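Each chain, letter by letter, is given below.
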Amino acid sequence: MTVHTGRHFLQIPGPTNIPDRVLRAMDMPGLDHRGSEFAEIGFAVLSGMQRMFKTRQPVIIYPSSGTGAWEAAIVNTLQPGDRVLMCETGQFAVLWRGIADKFKLDVDFVPGDWRHGADLEQIEARLSADKAHKIKAVCVVHNETSTGCVTRPLDVRQIMDRVRHPALLMVDTISGLGSMEYEHDAWGIDVSVAGSQKGLMLPPGLGFNAVSDKALAVAKANPGLRSYWEWQDVMAFNKAGTFPYTPAINLLFGLREAIRMLEEEGMENVFARHKRHSEATRAAMKVWGLETQCQEQGAHSPVLTGARMPEGHDSDHFRKVVLENFDMSLGTGLNKVKGKLFRIGHIGHFNDLMLMATLSGIEMGLDLAKVPHRTGGVVAAMDVLKRRDAAPMPKAAVA
Ligand SMILES: *Cc1c(COP(=O)(O)O)cnc(C)c1O
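Described below are features of the structure shown in this document. (Residues numbered from 1 in each chain as written. Predicted model: local features only at pLDDT ≥ 70, side-chain atom pairs only at ≥ 80, totals over all residues. Heavy atoms only, no water.)

## Focus: the overall build of the protein chain
Note the following rule: In this text, helices come from DSSP runs of H or I with a minimum length of four residues, and strands from runs of E with a minimum of two, each type numbered from the N-terminal end. Within these notes, the globule rule equals 2.2 Å times the number of residues to the 0.38 power, and the radius of gyration is based on C-alpha atoms. Areas reported here follow the Shrake-Rupley algorithm with a probe of radius 1.4 Å; residue values treat only the protein chains shown as occluding.
From N to C terminus, the protein chain includes 13 helices and 13 strands. Relative to the 2.2 N^0.38 estimate, which gives 21 Å for 399 residues, the radius of gyration of the protein chain is 21 Å and therefore close to what a compact globule would have. Structurally, the protein chain occupies a C-alpha span of about 60 × 55 × 45 Å along its principal axes. Surface exposure of the protein chain reaches about 16,800 Å², of which carbon and sulfur atoms provide 55%.

Right under this line is the structure:
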């Protein structure tokens, strides 16, 4: 067995690195989840998550992975036969679509090449052609974690308003929330879906839905079958700071601490930090001569970068070399980009020197794996990090 010293570098775009403060906050004995002591933490995380989503409307917290929160969004608002518009931005869009198929929704899947955000022209064309308003929901992935391409939810909302389409707008921001600007209310989102193990810096195990009044009204009238995911039941208990079933108590302690950390840094600073690390990563890739998976100007993800391998080189072999030599995990290429790209996570609990170490490991790995490249990517990234205009000094944390 290889012995490693120091910390493992977990540079996949989720699960992400967990801050020691969050680990310590979760290191708690059991607690009566029906008692008043629990209600205090219940209220704290429910209001904290409203601030994360930027909403005054209800947030539902499930003991689940993000996939559960995807399913919850579907089963509360839709029933078999309902038409939904989804967009093939990458593997996570494909997986969400798979759930819709299992619930026998009638999915209109806008094709994509996995190198761009959602096809806004196609969304507009299909919504305007739908004069009878058969489409009940438009579902988009905010930050497509399999490619590193962003779709701006507000762009989709503006299209829906322009063509006056009454469908619900559902957004998967599982890998965006807590790292990228997100405004559930101001952007007119009906259901936002998130998870704990990406920008929120927690272990996996919490799923979230932020829900608009319109989505709630649709859910109330929806006779479709559901039990565990029923929003109304959870919301009724949440009034008292509790949950209808045993919540993931220790994760909620971690969540309260993670929200504190993000707010101490200030959300604007958190967002700027991610953009800056993404910019530095792309500067390194440019020197290496590696293409970004995302080919849309202005759509590069702040939280991860998909790096294409040169023809004839396998990204999983490269990842193995990096893992064996430097104890660093990079994200694999998923589904149809398997072997073709690796993903660099620069998300969550992360700083300049962690990025420099990550990029150094990649540059050394490219050498060891004999992947053609130019050296000096790390230096280019340092130049970006040294630029003060690219490095806003932290403002006072917002209360
Ligand atoms: C991670 C992720 C998911 C899946 O979440 P799980 O917790 O693995 O179920 C879905 N969508 C996006 C965009 C993700 O990044």
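Next comes the rest of the account.
## Considering the environment of G254
What counts is decided by this rule: Type-normalised accessible area, obtained with a 1.4 Å probe on protein chains alone, sets the label of each residue: buried when under 20%, exposed when over 50%, and partly exposed for intermediate values. Contact definition: two residues touch when any of their heavy atoms are within 4.5 Å.
Inspection of the secondary structure puts G254 in helix 9 (residues 249-265). According to the relative accessible area criterion, G254 is buried, its value standing at 0%. Measuring from C-alpha to C-alpha, the distance between G254 and L169 comes to 30 Å, with 85 residues separating the pair along the chain. Contacts of G254, omitting those with residues within four sequence positions, involve V22, A25, M26 and L202.

## A few points about the side chain of T281
Our working rule: Any N or O atom pair separated by 3.5 Å or less is treated as a polar contact, with the protein-specific requirement of one donor-capable and one acceptor-capable atom, and with residues adjacent in sequence counted only for side-chain atom pairs.
With respect to the helices and strands, T281 occurs in helix 10 (residues 267-288). Of note is the side chain of T281, whose polar atom sits 2.7 Å from the backbone oxygen of H277. With sequence-adjacent residues up to four places away left out, T281 is seen in contact with T305, I344, H346, L355 and L359.

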